[in-house]
Every structure is written in structure tokens, then in C-alpha cells.
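# Examining the three-dimensional arrangement
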Amino acid sequence: MQERTEPWDITAQLDELRTQGLWRELRPLDELDGITVRAEGREWINFSSNDYLGLAHSAEMRQALTEGIAKYGGGSGASRLVCGTHRAHAELEEALADFKGTAAALTFSSGFAVALGTIPALMGAGDTIILDKLCHASLVDAARLSGATIRVFPHNHLEKLERLLQTAKGRMLVVTESIFSMDGDAAPLREIAALKAKYGAWLLVDEAHAVGVLGPQGRGLTAELGVNQQVDLHLGTLSKAFGLSGGYLAASRQVIDLLINRARSFIYSTAPPIHLAHALGIILDLIRSDRGDTLRAQVRNHALQTQNLLSGIGIASHANEAAILPVILGEESRAMEISSRLRETGFLIPCIRYPTVARGSARLRITVSALHSAAQIHALGTTLQEALRP
Ligand SMILES: *Cc1c(COP(=O)(O)O)cnc(C)c1O
């Protein structure tokens, strides 16, 4: 097709992204089986997936989906409020509420959609939303969409959070993640919960990177720290450790009823295919089982092993049990160069840049899975040491 000339400044914007080292492009893979990735006639070891428990390509997943498709076929045909709610959706939501220790839960087509639907349904003009500086884009966008006043505190900074709570107007919602997506560190949830109680605020915790991975039965960091009951809104995704797709909000029955009536990304979107809800129910059982415990122990071991390797080559990382280990390199172009050097040597590790993280804090984001082998992690350490050499 003939290339058309775009109006406005699209060409200039694209050129600017290239010169700033911020250009991004899609690279289709041919095959992906959990750890090994094939494309362009080559093979890589994948250290970039959020499929922490290695369930996405498991035999259990394939069976659960096949069974669901045989029973329910494809799309659900309409939004949940029209004729798109199947018993499988309701059962999954009951199971998720039980898992998170809340009275009710609601599923959405993605974690992003949960935030976009939930926050504007509960907060509006005259209210105040207080976010950690490193909160995910979906939380930031949802806060903006709500029309509430937005306040941001420096990452995990409790004193600043308290000062914002002292001066906030209207209803107050504190928003944080339990494990931060690009840093892998944890929020001080006990202290945040104490502050929100002191000032009568509500608390939303996004457990995208903790659910399935941390806590008893994989119930997340809130369960591990025993603050489940102090969290008003539990947000999570079904696309990371759950290995499939979708998201959920777990809360009181009244909050969920309000979301069913007010959350626009829920109301005006077709219900996820029934077979997904069916498979997610089976995967949730697996995550809560002894097998889930074994997979969580493997992730933990691999994270520790990687952390030791990194500190052996002079890269400090947070002491945490999560599966995300960033190597912060600073300058965008240097991080890109090292990421592509690793790619040449057979490791798929993404370079994370602005606007996902602050300018000048570009990094490699290593994620480990239950499926990696000790040998693969060891090889990563050696290769990384080579690649980081000036
Ligand atoms: C991935 C992610 C989401 C979005 O979840 P999806 O199901 O991928 O849309 C939300 N919050 C955080 C912190 C995430 O990392």
C-alpha cells in the first residue's frame, strides 16, 4: 500500500521518539512455551513474562480451556447486565471473594478496565485521591477520569502521605500497589492501613504482581501481612500469575452492587467469554492448592538465586519475595544497548523506559518464573556480567 503523508506532527513525533531512545515497536513471536521463546528462526530464554507460576502454557490450563470451550464455545454475546452473565461468571466471582476474604467480587475484561471502572464509580469532583508516585498507569488514568483532586506522595513515603491526608478535602481514597510492577519492592501496607484508618480514608491496593505469588494460598501481600480487613478495595489481574486474562475487584457487597450499577468499563463492555471464567475457576483452585504452594516456593527460590547473582556482580536489589528484579541503568540509550546485547546472546529481558518509569531511570526488568531452571538463571548471571562490562 502506498505510504500516505500524515497531517499534524505525527512524523515529527515519531522522529523525536527515535532520537530520544524512546522508540517502541511490536515484535511478533512464533512460539512461546513458557520459558523458551522462538522468533526470527532463533530461540531465547524468556525473563520478561509475568506468568510467574508458569501456568499460561501448562497442561492444566490447556485442559481447563479445552473443557470450557467444549462446554460453552466462544463469546458471551452481550454485556454482563444484558444477557452476558453465566453461572460460570457468578461462581468465579464467589470463589474470588472467598479467596480475598471479602463479601463479594466483580470480574472485568482486564485489570486496566477494573481501575478505569472502579475509581470513577466511587470518587468524583470534591473528593481527593492520594496515589503513590509509582502507581500503574491504569490507576493514574482512572483517578484523572474520576474528576477528583489528585495528590501524589513520593514512593512509599509515609510522612508525606500523612501530610496529604491531613489537608485532603471530601472523601479520601489512598491508592497503592502491594508489589510495584517496575521496581519489585513492597508497599508498607500495615503503616498505610493505620494511616488510612486514622484519617477515615479508604484504601485501594493493586495486587497485580502479588496475587498468586505471595501470601497463604497465594492470596497476596495483604493476606501475608494480615491487613486484608483494612483494605477496602482489592484490585487484581487474572492475566499475570493466573496465566489467562481479566481482572477483579473484591470488596463489600455494597461496593460491588454500586460497581454493577456505575462502573462504565463493566457495564458497557461485552462479558468475557464463558470458557475463560470456567478455566479461571479451575486455575484459582490450583493456585490455592498444595501444587500452588510448590510453584510459589519455586518462584521464591528463583528470585533469591537471581538476587544473589545480581549482588555478586555488584547490583543491589530490594530484599523482597516478589518475582521482579530490576537492574537500573539510568540512561535510556545505554539500557537499550544492553537489552539488545542480551537479546543477541539468547536472553529476552525488556528495557523499561520513560514514560513507564521516570526519565533517566531506564532499566532491565528481570522477572523469574517457577519454570526457570537453576542452570538458566546461572547462565543469565554470567551473560549479564558480560553485557554490563563497559
Ligand atoms: C498489569 C497491571 C495492571 C493491568 O492488568 P491487565 O490485566 O494486564 O490489564 C494493573 N495494575 C498493575 C500494577 C499491573 O502491573
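Heads up: the structure comes first, above all this text.
As a starting point, this report considers the structure included with it. These numbers come from a predicted model, not from an experiment.

### Structural notes on the nonpolar core
Counting residues in each nonpolar core, the largest one holds 78 residues, and the members touching the most others are Leu96, Phe242 and Ile366. At nine residues, helix H12 (residues 274-288) tops the list of elements feeding residues into this core. Viewed by domain, this core spans two of them, domain 1 (27-52 + 290-387) and domain 2 (59-287), each represented by three or more residues. Look past the residues within four positions of Leu96 in its chain and what remains in contact with it is Ala105, Thr107, Leu238, Phe242, Tyr248 and Leu284. Listed in part, the 30 residues of the second largest apolar core include Leu106, Ala143, Ala148 and Leu249.

### Here we look at unusual backbone geometry
Of note, the amide linkage connecting Tyr354 to Pro355 takes the cis form, showing an omega dihedral of 5°. Summarising the element assignment, Pro355 is placed in the loop between strand S13 (351-352) and strand S14 (362-367). For Asn156, which is not glycine, the phi torsion reads 60° and is therefore positive. Turning to its location among the elements, Asn156 is positioned in the loop between strand S6 (149-153) and helix H7 (158-167). The class for Asn156 is partly exposed, based on a relative accessible area of 22%. The backbone phi angle of Gln217 is positive, close to 60°, even though this residue is not glycine. On the secondary structure map, Gln217 appears in the loop between strand S8 (202-206) and helix H9 (221-224). On the accessibility criterion, Gln217 (30% relative accessible area) is partly exposed.

### Describing the environment of Ala358
Here Ala358 is to be found in the loop between S13 and S14. Sequence spacing of Ala358 and Leu134 is 224 residues, and the spatial spacing of their C-alpha atoms is 9.2 Å.

Analysis parameters
- Residue numbers restart at each chain and count upward from 1, following the sequence in its written direction.
- With the structure being a predicted model, the display of local features is reserved for residues of pLDDT at least 70 and the display and counting of side-chain atom pairs for 80 or more, all residues being used for whole-chain, interface and lining totals.
- Side-chain descriptors were evaluated using all non-hydrogen atoms of the structure, hydrogens and water having been removed beforehand.
- Take the buried Ala, Val, Leu, Ile, Met, Phe, Trp, Tyr and Cys residues and link them wherever side-chain atoms come within 4.5 Å; each set so joined is a nonpolar core.
- Summary of the burial criterion: residues with accessible area below 20% of their type's maximum are buried, those above 50% are exposed, and those between are partly exposed, where the area comes from a 1.4 Å probe applied to protein chains only.
- A run of H or I in DSSP counts as a helix once it spans at least four residues, and a run of E counts as a strand once it spans at least two, with each numbered from the N terminus.
- The domain limits used here are those given by an automatic or database domain assignment.
- We call two residues contacting when some pair of their heavy atoms lies within 4.5 Å.

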